[in-house]
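Spelled out, the chains give:
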Amino acid sequence: MPLGDPTLPINPSLPVILGSGIVSIYGAPSVNGILTNDVNLQFGIINQFPNSGAGTFSINQSVMFRLSDAEVITYGSIPYFLLPEDKIILTENNVEPIP
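Residues numbered from 1 in each chain as written. Predicted model: local features only at pLDDT ≥ 70, side-chain atom pairs only at ≥ 80, totals over all residues. Heavy atoms only, no water.

**Q** Residues and numbers for the overall build of the chain, please.
**A** Within the chain one finds 0 helices and 6 strands. Secondary structure elements of the chain occur, N-terminal to C-terminal, as β-β-β-β-β-β. In the chain, which comprises 99 residues, the share counted as buried stands at 33%. Summarising the internal contacts of the chain: among those between residues at least 6 apart in sequence, 61% fall at separations of at least 24. Approximately 6000 Å² of the chain is accessible, and the part contributed by carbon and sulfur atoms is 59%. (Helix = DSSP H or I, 4+ residues; strand = E, 2+ residues; numbered from the N terminus. Buried < 20%, exposed > 50% of the residue type's maximum accessible area, 1.4 Å probe, protein only. Contact = heavy atoms within 4.5 Å. Areas by Shrake-Rupley, 256 points an atom, 1.4 Å probe, with all protein chains shown as cover.)

**Q** So what about the pairing of strand β2 (residues 41-48)? Which residues, and what values?
**A** Most of β2 sits inside the fold, with 7 of its 8 residues counted as buried. Here strand β1 (residues 22-27) runs beside β2; their pairing, made up of 4 bridges, is antiparallel. Following the sheet pairing, Gly27 is matched in β2 by Gly44. The pairing of β2 with strand β3 (residues 62-66) spans 5 bridges and is antiparallel. Each bridged residue has a counterpart across the sheet, and for Gly44 the counterpart in β3 is Val63. (Pairing = 2+ DSSP bridges.)

**Q** I'd like a rundown of the environment of Ser13, residues and numbers included.
**A** Turning to its location among the elements, Ser13 is positioned in the segment before β1. Taking C-alpha positions, Ser13 is 6.3 Å from Gln48, a pair spaced 35 residues apart along the chain. Leave out the neighbours within four places in its chain, and Ser13 touches Asn47, Gln48 and Tyr75.

**Q** Give me the lowdown on the confidence of the model for the chain, citing residues and values where you can.
**A** Summarising the model, the chain shows a mean pLDDT of 82, and 78% of its residues fall at 70 or more. Scored below 50 in pLDDT, residues 1-5 shows 15 contacts in the model against residues more than four places distant or in partner chains. (pLDDT = per-residue confidence, 0-100.)

**Q** Lay out the pairing of β3 with the relevant residues and their values.
**A** The side chains of a regular strand alternate, first on one face of the sheet and then on the other. The buried fraction of β3 is high, at 4 of 5 residues. Across 3 bridges, the pairing between β3 and strand β6 (residues 88-91) is antiparallel. Each residue of the ladder has a partner; that of Phe65, found in β6, is Ile88.

**Q** An account of the environment of Asp69 is needed here, citing residue identities and associated values.
**A** By secondary structure assignment, the location of Asp69 is in the loop between β3 and β4 (71-75). As a C-alpha pair, Asp69 and Ile88 span 19 residues in sequence and 9.1 Å in three-dimensional space. The residues touching Asp69, leaving out its near neighbours within four places in the chain, are Leu82, Leu83, Pro84 and Lys87.

What follows is the structure, encoded as structure tokens:
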């Protein structure tokens, strides 16, 4: 299982227990500078997943998802996207930037 980027800031976790298969994500740009022309696609950093066990993803991992698949809630003035794991489109590998 790939690990997230430990250099990224971690926003506070939501004071909730997430349901099975749901991840909490906060919006952040692509860690590799990937851009999309589709306004419905969003990058974000996984901030929390269910206590029920290890899933496919890890905390602080950069992922892409469709905004229409997510529920948005705000905690401490930070918007979080609640998303079923199977709706994550891709995960980013941490690579050296292209010069």
